[in-house]
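What follows is each chain in one-letter form.
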Amino acid sequence: MERPEAAVIGTGWCGGIRAETLARSALCRKLHICEIRPDRLAEVKALTNPASATLDYQDIVRNADISAVYICTTPEDTHFPIARDCLKAGKHVLLEKPIAMELFEADELIAIAKRSNVKFTIGYSQRFNPKIAYAKKKIADGTLGRPVSVMVSRHLTRNLGKKIAGRTRLSPAAMESTHDLDFAFWLLEPAKPARVYSQGAYGIMQGINGSFDVMWTTVTMDDGTLVAIGGGWNLPPSYPNYCATWMEITGTEGSLFLDDTQRDNWLNTASQGTQFPMSTMPGEQVDHVFAGQMGPETLHFLESVMLDRPPMVSPESARAVMECYLAADLSAESGEPIEVPMNNQALAAVQDLYKKFRAPV
Ligand SMILES: NC(=O)c1ccc[n+]([C@@H]2O[C@H](COP(=O)([O-])OP(=O)(O)OC[C@H]3O[C@@H](n4cnc5c(N)ncnc54)[C@H](O)[C@@H]3O)[C@@H](O)[C@H]2O)c1
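**Structural notes on the environment of Thr-217**
For Thr-217, the position within the fold is in strand β9 (residues 214-221). On the neighbour-count criterion, Thr-217 (28 C-beta atoms within 10 Å) is buried. Taking the C-alpha atoms as reference, Thr-217 lies 5.2 Å from Ile-229; in sequence the two are 12 residues apart. Sequence-distant contacts of Thr-217, defined by excluding residues within four places in its chain, comprise Ala-173, Ser-177, Val-196, Ser-198, Ile-229 and Ala-328.

So, in structure tokens, the structure goes:
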């Protein structure tokens, strides 16, 4: 079996994790990296000893030996053009969420991937969280009976909130609850989302980019199952890089409560105060092990390419998630529930809303 050459475009935080994971793995024949910040490129080059390192992603697109590409760039509006060019060039692509900024862009990427006959997946890393994989298993094997409700409450530190919110106005539903919408819909397959209602509350983030601090979104599935997802990004800086999640799943025959609040590892130092190591959403490399989900997710994609298997996350499911967080944004603004798939009137209202979001604050 041919071991692929892989490339990472955008070697910031997540791209750095993916590059390091690939560099450590025997599955990756050669690693190539691309980053527009020369200092960060040099840093990741020193860490991963790649076959090539470039400032221009077109070098990756043009390199016929590279078959798998991980696109980890920010700001998020870089995702569409880079993914489009890589897919058109016949590369298999793992693209960090969000799949795109506009639904028509997501549709175009899905169509190009189909035409090019390549694998295309989105980095919904939480599906590689063992606790969430366990929930999927317990629903699929009938232990919980017919699912009745899924509740997820997720809080991020404001350090991360500011980093994310600083680059573009995307809501906590779009940037954070997106992971929970993805895995809740995955848990509840084949049910599909039917109606979205969301409310948001302002706090510290409003002054930074106009966003809510916290949003609660309820989604009614077409079989009546209720999904309730809270996402916030305003925890004080004493939670550096922290992400805490609590989940409650109920069914007709059982319930499953999952504590992913990350309070089980508590480091305290005189200089930095309280820290919760290994509590970030992607996780981190800890010497010889990867603590978290992004490492296994990175290798899963390479294995999908090698074994010609479908990756865990289909781009169509990522598009469905995108439609729901757009509906959540519209609902939080209008105070009305939104039916999904959205009708033309709702889609036009989303366009207007995002024009407003993207206007200078
Ligand atoms: N799955 C998860 O758990 C998870 C967690 C955090 C972030 N994310 C997603 O991952 C993506 C990356 O987030 P991050 O926190 O690593 O961001 P980051 O800002 O730390 O890194 C992005 C990097 O992309 C580089 N870049 C921008 N344009 C480029 C280009 N044209 N060519 C090459 N490099 C380019 C930037 O210089 C930067 O270093 C985001 O879209 C985010 O939504 C996913």
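**Brief notes about the pairing of strand β5 (residues 92-96)**
Every regular strand shows the same layout, with side chains that alternate between the two sheet faces. Of all 5 residues in β5, 5 are buried; the element is thus mostly enclosed. Alternating positions in β5 separate into two faces, His-92, Leu-94 and Glu-96 on one and Val-93 and Leu-95 on the other, with burial throughout. Strand direction decides the pairing type here: strand β4 (residues 66-71) and β5, joined by 4 bridges, are parallel. Bridged to Tyr-70 within β5 is Leu-94. Where the polypeptide runs from β4 across helix α4 (residues 79-88) and back to β5, its parallel neighbour, the crossover connection is right-handed. Pairing of β5 with strand β6 (residues 120-123), which is carried by 4 bridges, proceeds in the parallel orientation. Looking across to β6, one finds that Leu-94 is bridged to Thr-121. You can see the chain leave β5, run along helix α5 (residues 103-116) and come back into β6, and the turn it takes is right-handed.

**Concerning the sheet that holds strand β10 (residues 226-235)**
Ordered in space as β12-β11-β7-β10-β9-β8-β17, the 7 strands form an open sheet in which the pairing is mixed. For this open sheet the edge positions go to β12 (255-260) and β17 (338-339), each flanked by a neighbour on one side alone. Note that strand β8 (residues 193-201) and β9 share 8 bridges and pair antiparallel. Across the sheet, residue Ala-201 finds its bridge partner in β9, namely Val-214. With respect to the sheet, helix α9 (residues 177-187) is in contact with β7 (147-157), β8, β9 and β10, its orientation differing from that of β10 by roughly 160°.

**A closer look at the site of the ligand**
Taken together, 23 residues form the shell around the ligand, and within it Gly-10, Gly-12, Trp-13, Cys-14 and Glu-96 come nearest. Here the element with the most residues in the shell around the ligand is helix α1 (residues 13-24); it accounts for 3 residues. Looking at the shell around the ligand residue by residue, the class counts come to 9 nonpolar, 8 polar and 6 charged.

**Quick notes on the nonpolar core**
One broad trend across soluble globular proteins is that nonpolar side chains are buried collectively. Counting 99 residues, the largest nonpolar core has Ile-9, Val-69, Ile-71, Val-93 and Ala-184 as its most contacted members. Element by element, the count of residues in this core is highest for helix α12 (residues 315-334), at 10 residues. Taken domain by domain, the makeup of this core includes at least three residues from each of domain 1 (5-118) and domain 2 (127-290 + 319-344). In this view, Val-93 contacts Val-69, Ile-71, Ala-83, Cys-86, Leu-87, Val-118 and Phe-120; residues no more than four positions away in its chain are not counted.

**A short note on unusual backbone geometry**
Cis geometry is adopted by the peptide bond preceding Pro-190, which originates at Glu-189 and carries an omega value of 10°. Here Pro-190 lies in the loop between α9 and β8. For the bond running from Val-340 to Pro-341, omega is -10°, close enough to zero to count as cis. Structurally, Pro-341 can be placed in the loop between β17 and α13 (344-358). Its identity is not glycine, yet Asn-49 carries a phi of approximately 45°, on the positive side. Summarising the element assignment, Asn-49 is placed in the loop between α2 (38-48) and β3 (52-54). Phi at Met-278 is positive, roughly 60°, even though this residue is not glycine. Relative to the elements of secondary structure, Met-278 occurs in the loop between β14 (273-275) and β15 (284-286).

**Some remarks on the domain arrangement of the protein**
What the domain assignment reports for the protein is domain 1 (5-118) and domain 2 (127-290 + 319-344). The C-alpha-based centres of domain 1 and domain 2 are spaced at 25 Å. Listed as interface residues are 14 residues of domain 1 and, on the opposing side, 11 residues of domain 2. Secondary-structure elements contributing two or more residues to the side of domain 1 that touches domain 2 are α1 and α5. With 4 residues, the single largest contributor to the side of domain 1 that touches domain 2 is α1.

What counts, and where the lines are drawn
- Residues numbered from 1 in each chain as written.
- Predicted model: local features only at pLDDT ≥ 70, side-chain atom pairs only at ≥ 80, totals over all residues.
- Helix = DSSP H or I, 4+ residues; strand = E, 2+ residues; numbered from the N terminus.
- Buried ≥ 20, exposed ≤ 12 C-beta atoms within 10 Å, placed from the backbone.
- Contact = placed C-beta atoms within 7 Å.
- Pairing = 2+ DSSP bridges.
- Right-handed = clockwise from strand over helix to strand, strands pointing away.
- Axes fitted to C-alpha atoms, helices over the stretch in contact; angles between N-to-C directions.
- Near = placed C-beta within 6 Å.
- Nonpolar A, V, L, I, M, F, W, Y, C, P; charged D, E, K, R; others polar.
- Core = buried A, V, L, I, M, F, W, Y, C linked by C-beta atoms within 7 Å.
- Domains from an automatic or database assignment.

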